[in-house]
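The chain contents come next:
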Amino acid sequence: MIDKVLSYLEGGQYWLASVVIVFAVIVNIEKILSIVDTQSKKRLTLLKDAISDGSITENLKSHLKDEIQGEYFYQTHKIHMDKFKRDLLIETHNKLKGEITLKQFKKANNQLIVKDEKLHVEITNLDKLSLYYNVFFGILMAIFGFVILSVPVSLVEPDIYNIIKWLALSLFFICFGFFMVYQTFPIIIAKRIRNALNSI
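Residues numbered from 1 in each chain as written. Predicted model: local features only at pLDDT ≥ 70, side-chain atom pairs only at ≥ 80, totals over all residues. Heavy atoms only, no water.

### Structural notes on the layout of surface pockets
Let me state the cut-off plainly: Here a cavity denotes grid points, spaced 1 Å and computed from the protein atoms alone, that fit a 1.4 Å probe unable to get out, and a pocket denotes an open set having protein on both sides within 12 Å along at least 5 of 7 lines; residues with an atom within 4 Å of a point are the lining. Grid points are joined across faces, edges and corners, and a volume is the space filled by probe spheres set on the points. Strands are runs of DSSP state E lasting at least 2 residues, helices are runs of H or I lasting at least 4, and numbering of each runs from the N terminus. Polarity classes work like this: nonpolar for Ala, Val, Leu, Ile, Met, Phe, Trp, Tyr, Cys and Pro, charged for Asp, Glu, Lys and Arg, and polar for all others, with Gly in that last group.
Empty space within the second largest pocket amounts to approximately 280 Å³. If you trace the second largest pocket, you find 13 residues lining it, with K118, L119, H120, L197 and I200 closest to the centre. For the lining of the second largest pocket, the secondary-structure elements that each account for two or more residues are helix 5 (83-95), strand 2 (118-121) and helix 10 (185-198). For the lining of the second largest pocket, a count of residues per class yields five nonpolar, three polar and five charged.

Listed below in structure tokens is the structure:
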């Protein structure tokens with residue numbers, strides 16, 4: 001597969017090389033996730049073994065217990081957080097009684113901060129700029145992708161190679177446009193969390 005990708009790159013067929021790489025990742029995604037999961041379980045086993053070691057101090061043992069809780073929390077919710085932020089998130093989630101799900105907290109994790117021993121939402125000017133930028137250009141790219149869809153129909157002498165090329169290009173712009181819009185979801189969810197926190 002690597003030889004095929006290199007041959008496409010050498011021939012200037014970058015889009016074909018990209019398609020092969022994306023296809024390879026999709027086909028092997030289960031194996032990739034399995035490797036990541038195995039590494040996480042190895043770390044958990046190492047932490048448990050360390051706690052049972054009588055030579056470590058009580059202070060370090062307490063820290064390792066917090067790490068184990070964090071690892072279990074990550075395996076359950078796929079969120080990496082330190083102890084204080086994690087405990088505040090769980091406490092806040094319980095206070096909101098399911099109004100904001102843990103999945104939504106996960107999406108807005110980068111905007112969640114600990115301040116004065118409380119969980120707060122911080123949306124910077126850069127976040128706002130990113131929101132407007134992704135919405136504007138994301139929609140623009142998606143529209144452009146749909147416009148490109150009409151190109152194969154207008155070809156005087158269409159052949160399968162040109163049709164596939166234009167369809168692939170169209171799909172790229174549409175998918176990338178929707179991806180950019182998707183990047184705005186954490187900011188939108190963060191705003192909702194901020195409103196919910198203000199009501200507590």
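That covers the picture; the talk isn't over yet.
### Examining unusual backbone geometry
Peptide bonds are mostly trans, and most non-glycine residues show a negative phi. To keep it simple, the criterion reads: Relative accessibility decides the category of a residue: with a 1.4 Å probe and only protein chains considered, values under 20% of the type maximum give buried, values over 50% give exposed, and everything between is partly exposed.
A positive phi angle, near 60°, is found at K78, a position not held by glycine. By secondary structure assignment, the location of K78 is in the loop between helix 4 (58-77) and helix 5. Of note in the backbone geometry, K97 takes a positive phi value of approximately 55° without being a glycine. Mapped onto the elements of the fold, K97 is located in the loop between helix 5 and helix 6 (102-107). What makes K97 exposed here is its relative accessible area of 76%.

### Things to note about the packing of helix 4 against helix 5
Rule in force here: Here an axis means a line fitted to C-alpha atoms, over the contact stretch when the element is a helix, while the angle between two N-to-C directions is reported on a 0 to 180 degree scale. Each angle is binned into one of four classes, with values under 35 degrees roughly parallel, values over 145 roughly antiparallel, values of 65 to 115 roughly perpendicular, and all other values oblique. A crossing counts as left-handed when the near helix is turned anticlockwise from the far one by less than a right angle, and as right-handed when that turn is clockwise. Residue contacts follow a heavy-atom distance rule, with two residues in contact if any of their heavy atoms lie within 4.5 Å.
At a minimum axis separation of 10 Å, helix 4 and helix 5 run at an interaxial angle of 55°. If you check the angle between helix 4 and helix 5, you find them oblique. In the crossing of helix 4 with helix 5, the sense of the turn from one axis to the other is left-handed. Across the interface between the two elements, D66, Q69, G70 and F73 of helix 4 pack against K83, R86, L89 and I90 of helix 5.

Nothing here speaks to function; it is all geometry.
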